[in-house]
Amino acid sequence: MHCADFETTYSAQIKQWLDDGDVTLEYRTVAFLDRNSTSAYSSRAANALACVADTAPQAYLPFTQALFGNFPTGELSDDELSDLAEASGAGDISTCVAEGTFRPWVDFTTNAASSSGISGTPTVYIDGEPLASPADFVTGVEAAIEARGA
């Protein structure tokens, strides 16, 4: 399953768990797809996500959903990333995107993931344990919620 497919399939469920207080969620955005891009799109999009997380964390999930929802139409320019973030409730992140403020962080997280043997997305951990298959996502999370008595 591709990360955009994962987001499309599970974003509503993830939001529900978050809204219910059943889970906490940590995204570790990586730039594995730069090798297939002429514009370092994966790094630029990951930077934009970090810009949103830094300035408007409440808009992070809506922006993530919008960003992955755009996946089939291709790569966005920096201006389009900024516009999409603003439309998702993040406000103006254009300077952060244009300056690549979080590109060093994106490089770090990508290298850390690679060094840890992670070679693709999505890679899912539940309570620190890797999930064998994204297809087991809902079952795995619900089992963890039940085990905690949430």
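Residues numbered from 1 in each chain as written. Predicted model: local features only at pLDDT ≥ 70, side-chain atom pairs only at ≥ 80, totals over all residues. Heavy atoms only, no water.

K.L.:
Just checking my understanding: could you explain the pattern of salt bridges for this structure?
P.N.:
Pairing of side chains with opposite charge becomes possible as their charged atoms draw close. Overall, the coordinates contain 4 salt bridges when judged by the stated rule. Linking lysine 15 and aspartate 19 is a salt bridge whose minimum nitrogen-to-oxygen distance equals 2.7 Å. Here lysine 15 and its partner aspartate 19 are both found in helix 1 (residues 3-20), 4 residues apart, which amounts to about one turn of the helix. Two residues, glutamate 26 and arginine 28, come together in a salt bridge whose shortest N-O distance is 2.7 Å. We classify glutamate 26 as exposed; its relative accessible area is 55%. (Salt bridge = Lys/Arg side-chain N within 4 Å of Asp/Glu carboxyl O. Helix = DSSP H or I, 4+ residues; strand = E, 2+ residues; numbered from the N terminus. Buried < 20%, exposed > 50% of the residue type's maximum accessible area, 1.4 Å probe, protein only.)

K.L.:
Quick question: what am I supposed to make of the packing of helix 2 (residues 41-55) against helix 3 (residues 60-69) here?
P.N.:
The packing of two helices is summarised by the inter-axis angle and the distance between the axes. It is the contact of helix 2 with helix 3, at a shortest axis distance of 9 Å, that shows an interaxial angle of 160°. On the basis of their axis angle, the class for helix 2 and helix 3 is roughly antiparallel. Crossing geometry of helix 2 relative to helix 3 is assigned as right-handed. Contacts between helix 2 and helix 3 involve Tyr41, Ala45, Ala48, Leu49, Val52 and Ala53 from the former and Tyr60, Phe63, Thr64 and Leu67 from the latter. When the residues that make up the contact of helix 2 with helix 3 are grouped by side-chain class, the tally is 9 nonpolar, 1 polar and no charged. (Axes fitted to C-alpha atoms, helices over the stretch in contact; angles between N-to-C directions. Parallel < 35°, antiparallel > 145°, perpendicular 65-115°, else oblique. Left-handed = near helix turned anticlockwise from the far one by under 90°. Contact = heavy atoms within 4.5 Å. Nonpolar A, V, L, I, M, F, W, Y, C, P; charged D, E, K, R; others polar.)

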